[in-house]
Amino acid sequence: MAVTSDTDAAEVIGNAKDERPAVQNLVADSHTPHGHGHRRHYHDHMHEVVLPMRTGLHDWEVPYGLRLAGVTTGYRQGGTYMDCMKTLFTWHNQTLNSWTMIFGWACSCWLLWWTVTRLRPEGWDLLAFWALWLCPTVHLPFTVGYHQFVCISPVVLRHWRALDVAFIFVASIPLTWGLAYFGLVVLVYTFPMVLRGVQDLAAVYGPGADGVWPAVAAALGVDPLYGAKCALAVAFCFVYGGVVYTSSFPDIYAPGLCDLVGSAQQLMHLAIAGAHVVEWLFAIHMYQRRQVMPQ
């Protein structure tokens, strides 16, 4: 999985006041700034009363800051951290947001197991594969925490959303190194895949192509354009995930239809999981290629 583009931010929809008094107080809380100039106010919120958890709510029953565009049902509100973790095993509009991220991590675990038991890499080669696995592993607690704890209060939402975004960048460090290890050392995320794909295209179709790489690829039993196809597959996953998430597709086009299954965030998470699987396939390909063509 490549971590990479999942800010998972809840969208604030609408600015009109709700006439229900119980909701007005929560809405006011959700719009209160919490910058450096409001430290006292922020400190007060750290001691706010935790409301009992309510589940099965509609969008109009929760603060604006907790609503997702186009998602009308399946909301939770209040509860403790333990209450929220227990709802990981119940149905609400964040359940599959968490489980799709866990699915991506599970794919990474399986690929690590397969690589270690089948290919038996050693030394720095093995460390590069562990670095790929470390990427979703480092990010997982914070993205699941964000999706599970989002209902406690707007303050908790902002805190965990910040952690989620911060650890996307932290997780990108081992991912980038793992991708660059077997190929081109370009420490900018998936650029090693892109540049290797360009080199393979030039080796097959370029004016200076000598036929060496296609022959080696045939001996290895792989497509000589495998690197280029991996780069295209990752690009597709990122573009697809980014488009459905930023456009809230299909949520805003069919409100209420995909509240629990098939929402924009879930589709984006699956796209990112797909990208991470392709990154693993690229690293395995480059490792096998290195065995045939030692640098």
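Up top is the structure these notes are about.
Residues numbered from 1 in each chain as written. Predicted model: local features only at pLDDT ≥ 70, side-chain atom pairs only at ≥ 80, totals over all residues. Heavy atoms only, no water.

**Considering the packing of helix α4 (residues 95-119) against helix α10 (residues 264-292)**
Turning to step 1, where the next piece is worked out: Remark: α4 packs on α10, axes separated minimally by 8 Å, with the N-to-C direction vectors making an angle of 10°. Classed by the angle they form, the pair α4 and α10 counts as roughly parallel. (Axes fitted to C-alpha atoms, helices over the stretch in contact; angles between N-to-C directions. Helix = DSSP H or I, 4+ residues; strand = E, 2+ residues; numbered from the N terminus. Parallel < 35°, antiparallel > 145°, perpendicular 65-115°, else oblique.)

**Some points on the environment of Q94**
Turning to step 1, where the next piece is worked out: Here Q94 is to be found in the loop between α3 (81-86) and α4.
Turning to step 2, where the next piece is worked out: Looking at Q94, the relative accessible area reads 7%, which means it is buried.
Turning to step 3, where the next piece is worked out: Counting along the chain gives 56 residues from Q94 to V150, while the straight-line C-alpha distance between them is 8.8 Å.
Turning to step 4, where the next piece is worked out: Aside from chain neighbours lying at most four places away, what touches Q94 is L68, R76, H147, Q148, V150 and Q265.
Turning to step 5, where the next piece is worked out: In terms of polar contacts, Q94 uses its side chain to reach the side chain of H147, at 2.8 Å. (Buried < 20%, exposed > 50% of the residue type's maximum accessible area, 1.4 Å probe, protein only. Contact = heavy atoms within 4.5 Å. Polar contact = N/O pair within 3.5 Å; in protein donor to acceptor, adjacent residues only side chain to side chain.)

**Some details on the environment of W114**
Turning to step 1, where the next piece is worked out: Following the sequence through the fold, W114 ends up in helix α4.
Turning to step 2, where the next piece is worked out: Owing to a relative accessible area of 22%, W114 belongs among the partly exposed residues under this scheme.

**Some details on the packing of aromatic side chains**
Two descriptors summarise a pair of aromatic rings, namely the distance from one centre to the other and the angle between the planes of the rings.
Turning to step 1, where the next piece is worked out: Tallied over the entire structure, the rule returns 13 aromatic pairs.
Turning to step 2, where the next piece is worked out: Note on F236 and Y240: the rings are 6.0 Å apart at their centroids and 15° apart in plane angle, and the pair reads as stacked. You can see F236 and its partner Y240 sitting in helix α9 (residues 226-246), 4 residues apart, about one turn around the helix.
Turning to step 3, where the next piece is worked out: Classification of F236 by relative accessible area gives exposed; the value is 56%. (Phe/Tyr/Trp six-rings, centres within 6.5 Å; stacked < 30°, edge-to-face > 60°.)

**Some details on a nonpolar patch on the surface**
Turning to step 1, where the next piece is worked out: The grouping of V116, W124, L127 and W130 at the surface amounts to a nonpolar patch, some 410 Å² of accessible area in total.
Turning to step 2, where the next piece is worked out: Of all the elements, helix α5 (residues 123-149) adds the most residues to the nonpolar patch, at 3 residues.
Turning to step 3, where the next piece is worked out: With respect to the helices, strands and loops of the structure, W130 is situated in helix α5.
Turning to step 4, where the next piece is worked out: Using a relative accessible area of 39% as the deciding quantity, one classes W130 as partly exposed. (Patch = residues over 30% accessible without salt bridge, like charges linked within 9 Å, V, L, I, M, F, W, Y side chains within 5 Å. Areas by Shrake-Rupley, 256 points an atom, 1.4 Å probe, with all protein chains shown as cover. Salt bridge = Lys/Arg side-chain N within 4 Å of Asp/Glu carboxyl O.)

**Remarks on unusual backbone geometry**
Turning to step 1, where the next piece is worked out: In this model, F249 is joined to P250 through a cis peptide bond whose omega is 5°.
Turning to step 2, where the next piece is worked out: With respect to the helices and strands, the residue P250 is situated in the loop between α9 and α10.
Turning to step 3, where the next piece is worked out: Even without being glycine, R120 reaches a positive phi, approximately 55°.
Turning to step 4, where the next piece is worked out: Structurally, R120 is set in the loop between α4 and α5.

**Regarding the pattern of salt bridges**
Turning to step 1, where the next piece is worked out: Under the defined criterion, the tally for this structure stands at 3 salt bridges.
Turning to step 2, where the next piece is worked out: A salt bridge links R290 to D125, with the nearest nitrogen and oxygen atoms 3.6 Å apart. Here R290, found in helix α10, pairs with D125, found in helix α5; they are 165 residues apart in sequence, far enough to count as distant.
Turning to step 3, where the next piece is worked out: Accessibility expressed as a relative area gives 29% for R290, which makes it partly exposed.
Turning to step 4, where the next piece is worked out: Notably, a salt bridge pairs K229 with D223, separated by 2.4 Å at the nearest N-O pair.
Turning to step 5, where the next piece is worked out: With relative accessibility at 26%, the residue D223 sits in the partly exposed group.

**Things to note about the side chain of D59**
Turning to step 1, where the next piece is worked out: For D59, the position within the fold is in the loop between β1 (54-57) and β2 (75-77).
Turning to step 2, where the next piece is worked out: Of the side chains with opposite charge, R67 lies nearest to the buried D59, which makes no salt bridge, at 5.2 Å. (Lys, Arg positive; Asp, Glu negative; His and termini not counted.)

**A look at the side chain of N97**
Turning to step 1, where the next piece is worked out: Relative to the assigned elements, N97 resides in helix α4.
Turning to step 2, where the next piece is worked out: A polar atom in the side chain of N97 sits 3.4 Å from the backbone oxygen of N93.
Turning to step 3, where the next piece is worked out: Excluding residues that lie within four positions of it along the chain, N97 makes contacts with H147, S263, Q265, Q266 and H269.

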